[in-house]
Amino acid sequence: MSISFPSFRSPRPRRTAKRRKHSAVRESLHPSSTHPANKRYPHLSTQTRPQPQLFPNRRNESAQPKTRRTEQTSTRSSRFVSPFQTSLKRQLSLRQSRPRIVMVWGVLVVGMLLLTLNLFRIQVLQASMLKERAKAQQMIYLNPMVPRHPIVDRQGTVLAIDQPVYTLYAHPILFQTLTGDIAKSIAPILKQTPEEVMNAFEQGESGVRIVDGLTEDLARQISSLQVDGLELVQEQQRLYPQENLFANVVGYVNLDREGQSGVEYSLEGQLRQPIEAMTLSRSGDGTIMPIGLPSDFLQQQTEGLRLQLTLDSRLQRATRLALEQQMNKYKAKRGAVIVMDVHDGSILSLVSEPSYNPNRYYEANLESLRNWVLTDLYEPGSTFKPVNVAIALQSGAVLPTDTFYDEGAIEVGGWPIQNSDFESNGGRGVLSVSEILQYSSNVGMVRMMQSLQPGVYYGWLSRLDLNEKTGIDLPAEAVGQMKTYRDFTNASIEPATTAFGQGFSLTPIKLIQLNSMLANGGKLVTPHVVQGMVNPNGELTWSPTLPTPQQIFSPDVAKTVLDMMEEVVTAGTGQSALIPGYRIAGKTGTAQKAGVTGGYTDARITSFVSMFPVEDPQYAVLAVVDEPQGDDAYGSTVAAPVVKAVMEALIQIEQILPSQPIREEEAWIEDRESLPGNYVPDSDEDAESQNDGEEENFNPDPFTEPDSLSDGNSGAIE
């Protein structure tokens, strides 16, 4: 029995009246829809739906039979495409494009990650660095050329000041006219020949330095030419109007405007304007905007502070003139003069020769640049004897009324010691302490200091700080040299030579500090040249702090020694410094210079130290002349007249009244004298009496010190 199954067909949707009406209309409009394939698969028909008529009044050309048959023919001839094939192709196309899509998305994701990482690096890791870089582009750092404070003397005379100058640069590559014409136009202004200017132009195409140090007037003349390629750069230049008068005190600055010597170096912090480098903003086109200036910028520019020194230009000029006259007369190697207030240590005048012009310091030799008053040591000789007398009196080992026997020549520890006039006058016999100073007796000083134990003597020398600096506010001060305690106490020759100022060394500034104790009541004061910073009203806004003076000798001892030194001027070797009507105390010195290899040479160094007026001491004056030439070159003939001229100038400047009325004969003698150092005694006897005992430490046949006394450098100036 066979079983047959009916063929499966999709149930035909029920056709309603409305659907049948729509089908009829569709078939009437699309006859091809009656095709079996179209009836069965109406959605696969390739018949193009007619476009709506844009012009309904026209005759519908699509209704023509000929056109309709053509469309039916083309429809029947079209290829049948299965929907399953289309779907398969679409799936295959998606499978092939999927790697591309993944790749594109991967690139986008990686790019976003890299951008995120870079953003993190810029905004987090490199934030500070980029901020500084941006700040550097937006800001400009200026180190303004602020003038240094001026330096003035005690009277307000300008010693150093800044002035604007200009440096001329040429950029030949920017010249718009002929180079020869430009050279001819600026050559007269520069005081050069056109050929010299042309040679400068040929040094390069740009940035050629033509000349520096042009004044404002010359710079204005060059600017008025309006030449393209010429550039004027403003700078500040230090000017020293007094030139070499204060060179060794004021010093100089280098091209970097840094102090190199003198007050310019030691007071660098006070002389520089306290304005640091400024940070200014600038706009996008590079224009500087005045934002960020210090609040006190203008105030600091108008405050007008000046560094005032204790020096006096009038006295400095008179001192230098007197020193130069004596140096020229005796053909001396160098010389120095110091004038100091004995009560506070202020220096009124400090001259050292040879000097230099600080405006052209680069032309000076190294010897001139050094202030040897502070840097070089020498054996003071007899100018140290008053200090030794004060030590002997203060220790109690010697009384002012004591006497000592002067044989003229003695031997200590196997070494001979004698007076400078021993060959002519022999021994002087019994001498008082005052007479020992008056005649400058070496033997008498040795006998006196032998009254002290060597250890006690050395203790007093140490108390004077011989191997310490004075503390003056100038650079490069040297310290003195003295023997050790063991050498000093074990060798008897050491205290003996120290008694008349040899065997140790110190600086001239130290010597005047020690002698000033005898005029101020026994106090050790600190020498200084700086008074402080003053405003335009003359009020001090800053002053250096000085150590408290040390009381070394009692006022009675100091006054006793000062009176003894007055007798040196009135009746002893210092008569060349006598000024009628004024009481002056002083002491001469003529010492042999220590040799480099040991012992002493024939070269001399003469000096004279003085304090006045004796009744009320105010000033100490020291003159040192190194290696004067001539047989009559002694402290009394070379150094004492310099001190006298300086004291006379000081009397006029300070209006110091005479100590006593001036007698007519004294005035006549004073009028008879010529310039300092040129006084010639009336007879040979006067000359002998003038130099009697004055040679002091100079010995035509000097003894040679043992190795324990001189190491070749102790006390040597050179």
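About the cut-offs
- Every chain is numbered independently, its residues counted from 1 as its sequence is written.
- Only residues with pLDDT of 70 or above have their local features reported here, since the model is predicted, and side-chain atom pairs are shown and tallied only from 80 upward, although totals for entire chains, interfaces and linings are computed over all residues.
- Neither water nor hydrogens contribute to the side-chain values; these are computed over all heavy atoms in the structure.
- The term salt bridge refers to a pairing of a side-chain nitrogen on Lys or Arg with a carboxyl oxygen on Asp or Glu at a separation within 4 Å.
- By definition, any uninterrupted DSSP run of H or I lasting at least four residues is a helix, any uninterrupted run of E lasting at least two residues is a strand, and each is numbered from the N terminus.
- Burial status follows relative accessibility: with a 1.4 Å probe on protein chains alone, a residue under 20% of its type maximum counts as buried, one over 50% as exposed, and anything between as partly exposed.
- By this definition, two strands are paired if DSSP reports at least two bridges between them.
- With axes taken as lines fitted to C-alpha atoms, and helix axes fitted only over the stretch in contact, angles between N-to-C directions fall between 0 and 180 degrees.
- Every residue pair with non-hydrogen atoms within 4.5 Å of one another is taken to be in contact.
- Side-chain atoms within 4.5 Å are what join buried Ala, Val, Leu, Ile, Met, Phe, Trp, Tyr and Cys residues into a set we call a nonpolar core.
- Patch membership requires more than 30% relative accessible area and the absence of a salt bridge. Residues of like charge join within 9 Å; the nonpolar side chains Val, Leu, Ile, Met, Phe, Trp and Tyr join within 5 Å.
- Only the protein chains shown count as cover for residues, and the accessible areas themselves come from Shrake-Rupley with a 1.4 Å probe.
- pLDDT expresses, on a scale from 0 to 100, how confident the predictor is about each individual residue.
- Pairs were defined over the aromatic rings of Phe, Tyr and Trp, the Trp ring being its six-membered one, requiring ring centres within 6.5 Å. Orientation was assigned from the angle between planes: stacked under 30 degrees, edge-to-face over 60, tilted for the rest.
- Placement of a positive charge over a ring is assigned whenever Lys NZ or Arg CZ falls within 6 Å of the ring centre and within 35 degrees of the normal to the ring plane.

(A) Representation of the pattern of salt bridges within the structure. In the structure shown here, the tally under the stated rule is 25 salt bridges. Notably, a salt bridge pairs Arg 220 with Asp 217, separated by 3.6 Å at the nearest N-O pair. Residue Arg 220 and its partner Asp 217 are located together in helix 8 (residues 216-224), separated by 3 residues, close to a single helical turn. Residue classification places Asp 217 among the partly exposed residues on the basis of a relative accessible area of 42%. Between Arg 238 and Glu 264 there is a salt bridge; the shortest N-O distance is 2.9 Å. Note that Arg 238 is positioned in strand 5 (residues 230-239) and Glu 264 in helix 10 (residues 262-266), a separation of 26 residues in sequence. The pair Arg 238 / Glu 264 is uniform in exposure class, with both members buried. Among the ionic contacts, a cluster of salt bridges with common partners joins Arg 148, Asp 162, Arg 238, Arg 257, Glu 264, Glu 268 and Arg 272.

(B) Region of the structure containing the sheet that holds strand 19 (residues 585-594). Pairing is antiparallel in the open sheet, where 5 strands are placed in the order 10-9-21-20-19. Two strands close off the open sheet at either side, each with one partner strand: strand 10 (347-353) and strand 19. Strand-to-strand, the axes of this sheet are offset by a mean angle of 10°, without reference to chain direction. Pairing of strand 9 (residues 334-341) with strand 10, which is carried by 6 bridges, proceeds in the antiparallel orientation. Residue Ile 338 lies in a different strand from strand 10, and its bridge partner there is Leu 350. Most of the contacts of helix 24 (residues 555-571) go to strand 19, to which it runs at about 80°, and overall it touches strand 19 and strand 20 (600-612).

(C) Here's a closer look at the pairing of strand 21 (residues 619-626). Counting buried positions along strand 21 yields 8 of 8 residues, so the element is predominantly enclosed. Where burial is concerned, the two faces of strand 21 agree: the one with Tyr 619, Val 621, Ala 623 and Val 625 and the one with Ala 620, Leu 622, Val 624 and Asp 626 are both buried. In this structure, strand 9 lies alongside strand 21, joined through 8 bridges in antiparallel fashion. Of the residues in strand 21, the one forming a bridge with Val 339 is Val 621. Relative to strand 21, strand 20 runs antiparallel, the two being bridged by 8 bridges. Bridging from a neighbouring strand, Ser 607 pairs with Val 624 of strand 21. Counting the residues that bridge the hairpin from strand 20 to strand 21 gives 6 residues.

(D) Structural context of the pairing of strand 3 (residues 158-170). Two elements, strand 2 (residues 151-152) and strand 3, share 2 bridges in a ladder whose sense is antiparallel. Within strand 3, the position partnered with Ile 151 by the bridge is Ala 160. In this structure, the hairpin formed by strand 2 and strand 3 is closed by a connection of 5 residues, where Gly 156 is found at a positive phi of approximately 95°. Where strand 3 and strand 5 come together, 10 bridges link them in antiparallel fashion. Among the inter-strand pairings, Gln 163 is bridged to a residue of strand 5, identified as Gln 237. Judged from the 4 bridges that link them, strand 3 and strand 4 (residues 208-214) form a sheet pairing that is antiparallel. The residue bridging Ala 170 from the neighbouring strand is Val 208, located in strand 4.

(E) Spotlight on the nonpolar core. Leu 309, Phe 384, Ile 391, Met 448, Leu 464 and Phe 553 are the most contacted members of the largest nonpolar core, which totals 97 residues. Setting aside residues up to four positions removed in sequence, Phe 384 forms contacts with Leu 461, Leu 464, Leu 466, Thr 498, Gly 501, Phe 504, Leu 506, Leu 511 and Leu 514. In terms of nonpolar packing, the next biggest core, distinct from the first, is built from 34 residues, Phe 612, Ala 639, Val 642 and Ala 649 among them.

(F) Layout of a nonpolar patch on the surface. Taken together, the side chains of Ile 101, Val 104, Trp 105, Leu 108, Val 109 and Leu 113 present a nonpolar region at the surface, about 610 Å² in accessible area. When you line up the elements, Val 104 lands in helix 4 (residues 83-125).

(G) Region of the structure containing unusual backbone geometry. For the peptide bond that leads from Glu 353 to Pro 354, omega is 5°, which places it in the cis range. Residue position: Pro 354 is located in the loop between strand 10 and helix 14 (366-369). Here the residue pair Phe 612 and Pro 613 is connected by a cis peptide bond, since its omega of -15° sits within 30 degrees of zero. When you line up the elements, Pro 613 lands in the loop between strand 20 and strand 21.

(H) How the structure looks around the environment of Arg 154. Considering the arrangement of structural elements, one finds Arg 154 in the loop between strand 2 and strand 3. With 158 residues separating them along the chain, Arg 154 and Asp 312 place their C-alpha atoms 5.8 Å apart. Those residues in contact with Arg 154 that sit more than four places away from it in its chain are Gln 308, Leu 309, Thr 310, Leu 311, Asp 312, Leu 348 and Glu 654.

(I) Seen up close, the confidence of the model for the protein. Scored by pLDDT, the protein has a mean of 81; 75% of the residues are at 70 or more. Contacts from residues 54-77, a stretch scored under 50 in pLDDT, to residues over four places away or in other chains number 14 contacts. Ignoring residues within four places in sequence, the model shows residues 665-718, a span with pLDDT below 50, making 135 contacts including any to other chains.

(J) Examining the packing of aromatic side chains more closely. Scanning the entire structure with this criterion turns up 10 aromatic pairs. Measuring from centroid to centroid gives 5.6 Å for Tyr 457 and Phe 488, while their planes differ by 70°, and the two rings are edge-to-face. Here Phe 488 lies in helix 21 (residues 485-490) and Tyr 457 lies in helix 20 (residues 454-463), a separation of 31 residues in the sequence. You can call Tyr 457 buried: its relative accessible area is 0%. A relative accessible area of 3% places Phe 488 in the buried class. Note on Tyr 458 and Tyr 485: the rings are 5.5 Å apart at their centroids and 80° apart in plane angle, and the pair reads as edge-to-face. Linking Tyr 458 in helix 20 with Tyr 485 in helix 21, this pair joins segments that are 27 residues apart in sequence. Relative accessible area serves as the criterion here: at 12%, Tyr 458 is assigned to the buried category. Owing to a relative accessible area of 47%, Tyr 485 belongs among the partly exposed residues under this scheme. Among the aromatic residues, those joined into a ring-pair cluster are Tyr 252, Tyr 356, Tyr 361 and Tyr 362. Positioned over the ring face of Tyr 634 is Arg 604, at 4.9 Å from the centre of the ring.

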